[in-house]
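Next come the chains, spelled out residue by residue.
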Amino acid sequence: MWAIVKKEFKSYFLSPVGYVFIGLFLVMFSIFFYTDVFYYQSTNFEYIFYSGATILTFITPILTMRTLAEERKSGTEQLLLTSPISITKIVLGKFISATLIVVITELCTFMYFGILSFFGEPHLTTALVTLLGFLLLAMSYISFGLLASSITENQIVAGVITIGFFILTWFLPNFSNIFTDFSLINLFTKFPSGQIDIADTVTFVTFTIMCILLTIIVMQRRKSVR
Amino acid sequence: MIEVKNVTKKYGKVVAVEDISFSINDGEIIGLLGPNGAGKSTTMNILTGYIEQTSGEVTIEGYNTLKKPKKAKRQIGYMPEGVPLYTDLTVKEFVTYMAELKHVDRKTRKDKVQKVIEQTGLKEVENKLTRNLSRGYKQRVSMAGALVGEPKILILDEPTVGLDPKQITEIRNLIKELGKTHTIILSSHILSEVSQICNKVIIINKGKIVAIDTPENLENRVNKNNCLYVTVEDTENRIANIKDKIKEIKNIDLVQENEDGTKQYLIEADKNVDLRKKVFSEFAKENITIFEMKKADTTLEDAFMKLIEGGNK
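Definitions and cut-offs
Residues numbered from 1 in each chain as written. Chains lettered and ligands numbered in written order. Predicted model: local features only at pLDDT ≥ 70, side-chain atom pairs only at ≥ 80, totals over all residues. Helix = DSSP H or I, 4+ residues; strand = E, 2+ residues; numbered from the N terminus. Rg over C-alpha atoms; globule rule 2.2 N^0.38 Å. Buried ≥ 20, exposed ≤ 12 C-beta atoms within 10 Å, placed from the backbone. Pairing = 2+ DSSP bridges. Axes fitted to C-alpha atoms, helices over the stretch in contact; angles between N-to-C directions. Contact = placed C-beta atoms within 7 Å. Nonpolar A, V, L, I, M, F, W, Y, C, P; charged D, E, K, R; others polar. Domains from an automatic or database assignment. Core = buried A, V, L, I, M, F, W, Y, C linked by C-beta atoms within 7 Å. Expected span 1.5 Å × (residues − 1). Arc of directions from axis to C-beta. Parallel < 35°, antiparallel > 145°, perpendicular 65-115°, else oblique. Left-handed = near helix turned anticlockwise from the far one by under 90°.

Digging into the overall build of chain B
Phase 1: When helices and strands are counted, chain B shows 11 helices and 14 strands.
Phase 2: Compactness check: chain B gives a C-alpha radius of gyration of 25 Å against a globular reference of 20 Å for 313 residues, more than 25% above the reference.
Phase 3: In terms of overall dimensions, chain B has a C-alpha envelope of 80 × 45 × 30 Å along the principal axes.
Phase 4: Out of the 313 residues belonging to chain B, those deemed buried represent 39%.

Some points on the sheet that holds strand 1 (residues 2–11) of chain B
Residues and elements named next belong to chain B.
Phase 1: Strand order in the open sheet formed by four strands is 2-1-4-5, and the pairing between neighbours is antiparallel. Only two strands of the sheet have a single neighbouring strand rather than two, namely strand 2 (14–24) and strand 5 (63–64).
Phase 2: Direction of pairing for strand 4 (residues 55–60) relative to strand 5: antiparallel, over a ladder of two bridges. By the bridge assignment for strand 5, I60 is matched with Y63.

Some details on the sheet that holds strand 6 (residues 76–79) of chain B
Residue and element names in this part refer to chain B.
Phase 1: One open sheet holds the six strands; their spatial order is 6-7-8-3-9-10, and the pairing between them is mixed. Every other strand in the sheet has two partners, leaving strand 6 and strand 10 (208–213) as the edge strands with one partner each. Direction aside, the axes of adjacent strands within the sheet are offset by 15° on average.
Phase 2: The sheet strands contacting helix 5 (residues 135–147) are strand 6 and strand 7 (153–157), and the helix crosses strand 6 at an angle near 165°.

Considering the interface of chain B and chain A
Phase 1: With 20 residues of chain B at the interface, the matching set in chain A holds 18 residues.
Phase 2: The set of elements that each furnish at least two residues to the side of chain B that touches chain A consists of helix 2 (69–74) and helix 3 (91–101) of chain B.
Phase 3: For the side of chain B that touches chain A, the class distribution of residues is eight nonpolar, five polar and seven charged.

Points about the environment of B:S187
All names here are of chain B.
Phase 1: Tracing the sequence through the fold places S187 in strand 8 (residues 183–187).
Phase 2: Through-space distance from the C-alpha of S187 to that of N127 is 30 Å; in sequence the pair is 60 residues apart.
Phase 3: In this structure, S187 is in contact with L32, K40, M44, D157 and E158, ignoring residues within four places of it in sequence.

Some details on the domain arrangement of chain B
Phase 1: Looking at the assigned domains, one finds that chain B contains domain 1 (2–221) and domain 2 (226–297).
Phase 2: Measuring from the centre of the C-alpha atoms in domain 1 of chain B to the corresponding centre in domain 2 of chain B gives 46 Å.

Details of the nonpolar core
Phase 1: If you look at the biggest cluster of nonpolar residues, it comprises 122 residues, and the most contacted ones within it are A:L137, B:F94, B:V95, B:A144, B:I155 and B:I184.
Phase 2: Ranked by the residues each element gives to this core, the list is headed by helix 7 (residues 124–150) of chain A, at 13 residues.
Phase 3: Ignoring sequence-local partners within four residues, the contact set of B:V95 consists of B:V113, B:V116, B:I117, B:A144, B:G145 and B:V148.
Phase 4: If you look at the next biggest cluster of nonpolar residues, it comprises 11 residues, including B:I242, B:Y265, B:L275 and B:I288.

Topic: helix 4 (residues 106–119) of chain B
Residue and element names in this part refer to chain B.
Phase 1: In a regular helix each residue adds 1.5 Å, so 14 residues correspond to 20 Å; helix 4 covers 20 Å between its end C-alpha atoms and thus fits that length.
Phase 2: Those residues of helix 4 lying buried are V113, V116 and I117. Taken down its axis, helix 4 places every buried residue within 100° of arc, on the same side. Facing away from the buried side of helix 4 by more than 90 degrees, the exposed set consists of K107, T108, D111 and E118.
Phase 3: Of the residues trailing helix 4, G121 is marked for its positive phi of about 70°.

Topic: the pairing of strand 12 (residues 249–257) of chain B
Residues and elements named next belong to chain B.
Phase 1: Here strand 12 runs beside strand 13 (residues 263–269); their pairing, made up of seven bridges, is antiparallel. Among the inter-strand pairings, N251 is bridged to a residue of strand 13, identified as E268.
Phase 2: Here strand 12 folds back onto strand 13, and the loop between the two strands holds five residues, one of which, G261, carries a positive phi near 95°.

Concerning the packing of helix 3 of chain B against helix 4 of chain B
All names here are of chain B.
Phase 1: Contact geometry of helix 3 with helix 4 gives a least axis separation of 10 Å together with a crossing angle of 125°. By the criterion of interaxial angle, the relationship of helix 3 to helix 4 is oblique. Crossing hand, helix 3 versus helix 4: right-handed. Contact residues: helix 3 offers V91, K92, V95, T96 and A99, while helix 4 offers R109, K112, V113, V116 and I117.
Phase 2: Among the residues forming the contact of helix 3 with helix 4, the class breakdown is six nonpolar, one polar and three charged.

Description of unusual backbone geometry
All names here are of chain B.
Phase 1: One non-glycine residue, E158, lies in positive phi territory at about 50°.
Phase 2: Inspection of the secondary structure puts E158 in the loop between strand 7 and helix 6 (165–178).
Phase 3: Residue classification places E158 among the buried residues on the basis of 21 C-beta atoms within 10 Å.
Phase 4: We note that N237 has phi near 55°; this positive angle belongs to a residue other than glycine.
Phase 5: As for its placement among the helices and strands, N237 is situated in the loop between strand 11 (226–233) and helix 9 (239–245).

Set out below in structure tokens:
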């Protein structure tokens, strides 16, 4: 599995994908940082992550849309699936490498924490809880992105499905309160206030596991219908 | 040793491969032949574990591909059709990645990758990105990916497709060389290639096996009657009299009329009769000038066509 993690992680930086994702996130994050600090005179590091979650919603497909779709389209999927590595390890390898990119992005955002520490007293524990929540949200997004990428060989279609699903779950609570807990981005809202809500954490983790399992099932199933 | 027992693969109601059974012994080089859509690639994909059969059993070196897929896959090096490669990796990185996927031990990995790179003649391009290589080199990289990890069995899907004649010869020689130490299954459309390289041929048509034999036996199986091609100048069309003069002749067919006025005929006779002497003397008596005379040999292509046509009827 680590062979796949290593190769995929490297591929993010051999192609523009890794740079585009991290760069785009940090540029937009910086804009929100600027408005928060200078416009609203706030030194709250964690509140910028509300905007960060919105950015993540739109840029996660950059990381995930090609992962499995491109392998299928180019035929390299045959190399993977005829090697002695299980489908579970292939999917997990790709999931972990995409998650690592988010971790790097989060580490980069810590420089803003440093800047704020210089001018005020941001709360470290709250910041770490926020980063944990953000990582959980990113993992859910990535797992769904992988699932979308596994059902098509067209990466654009995979990207559209991913963004479409995120936006749908985002706005569903506007139609009825029943859907409140279905909105992934809503589940993140308590983390920036320093709370680790068990129910929200479990939902994130369960959603991630469910999407990974579905991806494995889709790939396994295609072996018999391919 | 590969054993395929009663394997069937269905896509909904469409049967891609139906109840095929065969076994391949260690050290054999097997050619898988068949028209497009006959089930060659499906058979290869089932052997490599890329797809699962609907029913039946495949064992590779004693490991069932469905029950022990990892162990079965470890025995196989696969070169897929179309040569899919990771274009953002260099040759060395690609082969190393393949070695990692095949769980080649970290301590010996570097040496084994180097050995395969040298074996496939990739040393001079090992640091080039695979996307910048010619088709011939890409084919070699794919072959190196299949070879690394020392698999006992090599499965090569259309290994020479899209190559120029020089590259084809190089790849064929490489396959022959590898055949000394590996069991090889290859599919090809080039029948002369199969008869040159392989010591056994499996012919598939419409998802069923129509023949398994050596190329020589297959050729003999459909051996034409004793046939001669003769190119003659026969302005008075006296060849019609020949059949009466040489009783052993069963049939004379005009093959083609050439621009220089000569005609090529196919003369068919009973087996075990050498017509050439009689043809030579009788044609001279009839004032027919022979420009060329040659025996018609049966090729694997003839055998293939006959077997496929037999299946289509």
